[in-house]
Amino acid sequence: MSAVVIDGLAVQLPGVNYDADEHLAAACDEYTGIDAESARVIIGRKRLLYKETATRLAACATHRALGLEIGTPAPPPSDDAADTAVIVSSNLNNVETVAHMDELVRSGKLSDVSSMQVPNASPNAVASSLAIRFGLQGPNLLISSGITGGHSAVRVAVAMLRNHRASRVVVIGVEPADDVAVAVAGAPLVAASACVVLRLVDRADQGAVTIELDRPTDTPAHLEFGAGDIDLAATIGNTYGTLGVLQVAVAANWMRRHSVATASMVCEDPDDGRTELWLARAS
């Protein structure tokens, strides 16, 4: 039976004490704490000029999730790049740029708007930038549905794969934590990014972690994120649109290492609603 498997994952959490939770800490390494200003450490120096915080963090997480060499630009696209989609969950990725450009226009300083900044005014700037950087030629889109956006992005990715719109989907959650983003959110934010690479296979290999849109069994999940004991938002703060993808990455990593059979994840907010996802470990 075909299954959607997690082929790669990475989290980017600059300035976060990720040792506060053992599940989160297990998904982190020496590069997890690299911030946007130091993105060149992971992705190299090329094509970083005028890139926003969200784009830089997302590029770092994607570079690592794809298993590319640290510190060097992405190599020429692989054979499956032509059929690889990019889906980004983010609500505030470019609000600082939009606010700055709006201020310049309102004050009569339109000529001060740099042509290099204009592409960043597009809400889809992160997804399109990632597609260009990594040579991914499938569909690319942004999902902005509040705290539930990460789960929605994963669900759309599964639909793309099962309907043969892509052979591989790179799913990224990312948010900045600049003053404008915090003001728009109306709450403190944590700059963060998480990436999972999904692929449709005819049959999942033993030990592979699969995405399940419905509860895989009638038994309780062995790991419970959000509604259970593992509350990443309480541990590290408000990652907003990143949260759902972060849950998937952290849970999948733990399941791979500890032979955990299932995991459940909940993202919930009074304004944004509630979404659920499940993971299962192939046996």
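Residues numbered from 1 in each chain as written. Predicted model: local features only at pLDDT ≥ 70, side-chain atom pairs only at ≥ 80, totals over all residues. Heavy atoms only, no water.

Student: Requested: an account of the state of the cysteines, with residues and values cited.
Tutor: As enumerated under the stated definition, the model contains zero disulfides in all. Note on Cys28: no disulfide assigned, nearest cysteine sulfur contributed by Cys60 at a separation of 14 Å. On the basis of relative accessible area, Cys28 is assigned to the buried category, the value being 14%. Given a relative accessible area of 0%, Cys60 falls into the buried group. (Disulfide = S-S within 2.5 Å. Buried < 20%, exposed > 50% of the residue type's maximum accessible area, 1.4 Å probe, protein only.)

Student: Any details on a nonpolar patch on the surface? Residues and values, ideally.
Tutor: Residues Leu49, Tyr50 and Met116 make up a contiguous nonpolar surface patch of roughly 320 Å² in combined accessible area. Turning to its location among the elements, Tyr50 is positioned in the loop between helix H2 (40-43) and helix H3 (53-65). Look at Tyr50 and you get partly exposed, because its relative accessible area is 36%. (Patch = residues over 30% accessible without salt bridge, like charges linked within 9 Å, V, L, I, M, F, W, Y side chains within 5 Å. Areas by Shrake-Rupley, 256 points an atom, 1.4 Å probe, with all protein chains shown as cover. Salt bridge = Lys/Arg side-chain N within 4 Å of Asp/Glu carboxyl O. Helix = DSSP H or I, 4+ residues; strand = E, 2+ residues; numbered from the N terminus.)

Student: I'd like to hear about the pattern of salt bridges, residue by residue, with values.
Tutor: All told, the structure shown has six salt bridges when counted by the stated rule. The partner of Asp29 in a salt bridge is Arg64, and the shortest N-O contact between them spans 2.8 Å. Linking Asp29 in the loop between helix H1 (22-26) and H2 with Arg64 in helix H3, this pair joins segments that are 35 residues apart in sequence. Judged by its relative accessible area of 37%, Asp29 is partly exposed. Within the structure, one salt-bridge network assembled from shared partners comprises Asp7, Asp80, Arg168 and Arg199.

Student: Provide a residue-level description of unusual backbone geometry, including the pertinent values.
Tutor: Only a minority of non-glycine residues have a phi that is not negative, and only a minority of peptide bonds are not trans. Positioned with a positive phi, Arg47 is a non-glycine residue whose angle comes to about 60°. As for its placement among the helices and strands, Arg47 is situated in the loop between H2 and H3. Looking at Arg47, the relative accessible area reads 44%, which means it is partly exposed. Backbone geometry at Tyr240 places phi at a positive 55°, although glycine is not the residue there. Within the secondary structure layout, Tyr240 lies in the loop between helix H8 (232-236) and helix H9 (243-258).

Student: Give a detailed account of the packing of helix H6 (residues 149-162) against H9, specifying residues and quantitative values.
Tutor: The N-to-C vectors of H6 and H9 enclose an angle of 65°; their axes lie 5 Å apart at closest approach. One element, H6, and the other, H9, form an angle in the roughly perpendicular class. Contacts between H6 and H9 involve Gly150, His151 and Val154 from the former and Gly244, Val245, Gln247 and Val248 from the latter. Here the contact of H6 with H9 is composed, by residue class, of three nonpolar, four polar and no charged. (Axes fitted to C-alpha atoms, helices over the stretch in contact; angles between N-to-C directions. Parallel < 35°, antiparallel > 145°, perpendicular 65-115°, else oblique. Contact = heavy atoms within 4.5 Å. Nonpolar A, V, L, I, M, F, W, Y, C, P; charged D, E, K, R; others polar.)

Student: If you had to explain the layout of surface pockets to someone new, which residues and values would you point to?
Tutor: Computed from the structure, the largest pocket encloses a volume of approximately 240 Å³. Surrounding the largest pocket, Met1, Ser2, Ala3, Val4, Arg162, Arg203, Ala204, Thr210, Ile211, Glu212, Ala282 and Ser283 form its lining. Here the element with the most residues in the lining of the largest pocket is strand S6 (residues 209-212); it accounts for three residues. Here the residues of the lining of the largest pocket sort into six nonpolar, three polar and three charged. Computed from the structure, the second largest pocket encloses a volume of approximately 190 Å³. Lining the second largest pocket are 14 residues, with Glu52, Thr53, Glu96, Thr97 and Gln117 positioned closest to its centre. Looking at the lining of the second largest pocket, the elements that each hand over two or more residues are H3 and helix H4 (95-106). Here the lining of the second largest pocket takes four residues from H4, the largest share from any one element. Here the residues of the lining of the second largest pocket sort into four nonpolar, seven polar and three charged. (1 Å grid on protein atoms, 1.4 Å probe; cavity = no way out; pocket = protein on both sides within 12 Å on 5 of 7 lines; lining within 4 Å. Points joined across faces, edges and corners; volume = space filled by probe spheres on them.)

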